[in-house]
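Now for the letters of each chain:
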Amino acid sequence: MRCSSMITLSQVDKIYPNGTVALQGVDLTVRRGEFVSLVGPSGCGKSTVLKLIAGLGRTSSGEIHWQLPEAERQLAFVFQDAALMPWATVMDNVHLPLKLKGRSLTAARADIYQALHLVDLNGAEKRYPRQLSGGMKMRVSIARALVTQPNVLLMDEPFGALDEMTRSKLNSDLLHLWEQYHWTVIFVTHNIYEAVYLSNRVVVMAAHPGRIVADVTIKAAYPRDEAFRTSHLFSDYCREVLAQLALAEDSAIA
Ligand SMILES: Nc1ncnc2c1ncn2[C@@H]1O[C@H](COP(=O)(O)OP(=O)(O)OP(=O)(O)O)[C@@H](O)[C@H]1O
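Residues numbered from 1 in each chain as written. Predicted model: local features only at pLDDT ≥ 70, side-chain atom pairs only at ≥ 80, totals over all residues. Heavy atoms only, no water.

It is worth spelling out the side chain of Asn191 at this point. Note on placement: Asn191 falls in the loop between strand S7 (184-188) and helix H6 (192-198). Within the structure, Asn191 has its side chain in polar contact with the backbone nitrogen of Tyr193 (distance 2.9 Å). For Asn191, the residues in contact, after removing those within four places along its chain, are Glu164 and Arg167. (Helix = DSSP H or I, 4+ residues; strand = E, 2+ residues; numbered from the N terminus. Polar contact = N/O pair within 3.5 Å; in protein donor to acceptor, adjacent residues only side chain to side chain. Contact = heavy atoms within 4.5 Å.)

Okay, structure coming up:
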């Protein structure tokens, strides 16, 4: 069910202390269990939206309303840089968020194995980050988010640094997990094909000031597979988002 709202931003402005107006009048509702992507030119405030939702900074005006009480919110953040501790094994890296909550490795072991299993990294627990490919590092980073059993997943260009094949595989695997676990996902990307493939909605932002200029609902059933990626429906949606992006870029120059 994707009917009740999970997070609502109402007329949110964010002005950084140096005077940069990163967001102006942002209204956005993300429903429970929805997969929403944010796309837009560099500097339009995509990361700022994620950070405000994560509570890493305050709005300058406007409100962020959660449908879930704070105690029931479990947010996980995944960044483009897998940000692993190079001196620690995969096991210890995935243990980190639980360790910070006071859970010992012994107590957390079963959950860590489960998270590694979800991202297809069975058997990699004793390896160090330097022994992993870029795609595997990102899988560890996702496992580190999943081990906390999040209900909201905030992803900031998680696959931006990966080659096309790896990105495509991780997109499919992420969708598969999302369908299984019903997380609410807010996903920032520069890649509109990725956004259309993954999302229920693609929200297009413009810069100077950062604002939402279009909200495109992708009416295509899940599970989505290779057939969807090569369908007319897929290319029609990509064209629509591209056209909205072009308008967004023109409006920033004007
Ligand atoms: N801590 C900060 N202090 C001052 N300005 C900031 C800060 N963080 C971001 N900005 C500015 O706010 C605007 C929005 O930045 P943000 O990183 O949210 O955009 P973005 O759309 O995620 O960009 P990109 O796609 O390049 O990652 C930009 O002009 C940026 O320079």
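Bringing the environment of Gln11 into the picture now. Structurally, Gln11 is set in strand S1 (residues 5-15). Residue classification places Gln11 among the partly exposed residues on the basis of a relative accessible area of 47%. Considered as a pair, Gln11 and Gln24 are 13 residues apart in the sequence and their alpha carbons are 7.3 Å apart. When neighbours within four sequence positions are excluded, Gln11 is seen to be in contact with Gly25, Val26, Asp27, Ser61 and Gly62. (Buried < 20%, exposed > 50% of the residue type's maximum accessible area, 1.4 Å probe, protein only.)

Right, let's get into the site of the ligand. Looking at the ligand, there are 14 residues lining it, with Ser42, Gly43, Lys46, Ser47 and Thr48 nearest. A distance of 3.0 Å is found between an oxygen atom of the ligand and a side-chain nitrogen or oxygen belonging to His190. Taking 630 Å² as the accessible area of the ligand by itself, protein coverage stands at 65%. Considering every element that reaches the shell around the ligand, the biggest residue donor is helix H1 (residues 46-54), with three residues. Here the shell around the ligand is built from residues that sort into four nonpolar, eight polar and two charged. (Near = heavy atom within 4 Å. Areas by Shrake-Rupley, 256 points an atom, 1.4 Å probe, with all protein chains shown as cover. Nonpolar A, V, L, I, M, F, W, Y, C, P; charged D, E, K, R; others polar.)

Our focus in this paragraph is the sheet that holds strand S4 (residues 61-66). The three strands are arranged S2-S1-S4 in an open sheet whose pairing can be described as antiparallel. In this open sheet, the two strands that pair with only one neighbour each are strand S2 (21-31) and S4. Going across the sheet, the axis of each strand differs from the next one's by a mean of 10°, ignoring polarity. Pairing of S1 with S4 involves five bridges; the strand directions are antiparallel. Among the inter-strand pairings, Asp13 is bridged to a residue of S4, identified as Ser61. The strands touched by H1 are S1, S2 and S4; relative to S1, the strand with the most contacts, the crossing angle is about 120°. (Pairing = 2+ DSSP bridges. Axes fitted to C-alpha atoms, helices over the stretch in contact; angles between N-to-C directions.)

Moving on to the packing of helix H2 (residues 90-100) against helix H3 (residues 105-118). Axes are the key here: two packed helices are described by the angle between their axes and the distance separating the axes. It is at 9 Å that the axes of H2 and H3 come closest, and there the two elements cross at 110°. In this view, H2 runs roughly perpendicular relative to H3, as classed from their interaxial angle. When the axes of H2 and H3 are compared, the crossing they make is right-handed. Counted together, Val90, Met91, Asp92, Val94, His95 and Leu98 of H2 and Leu105, Ala108, Arg109, Asp111, Ile112, Tyr113, Ala115 and Leu116 of H3 form the full contact between these two elements. Residue composition of the contact of H2 with H3, grouped by class: ten nonpolar, one polar and three charged. (Parallel < 35°, antiparallel > 145°, perpendicular 65-115°, else oblique. Left-handed = near helix turned anticlockwise from the far one by under 90°.)

Per the UniProt entry, the sites bearing "domain: ABC transporter" (unreviewed entry) are residues 7-234 in this numbering. When the span residues 7-234 is considered, its composition is 35% helix and 26% strand, and the gap between its end C-alpha atoms is 27 Å. (UniProt positions renumbered as here; feature names shortened; annotations may be inferred.)

Further remarks concern the packing of H2 against helix H4 (residues 134-146). Here H2 crosses H4 at 35°, and the two axes come no closer than 7 Å. The two elements H2 and H4 cross, and the hand of that crossing is right-handed. Where H2 abuts H4, its residues Val90, Asn93, Val94 and Pro97 lie against Val140, Ala143 and Arg144. Classifying every residue of the contact of H2 with H4 gives five nonpolar, one polar and one charged.

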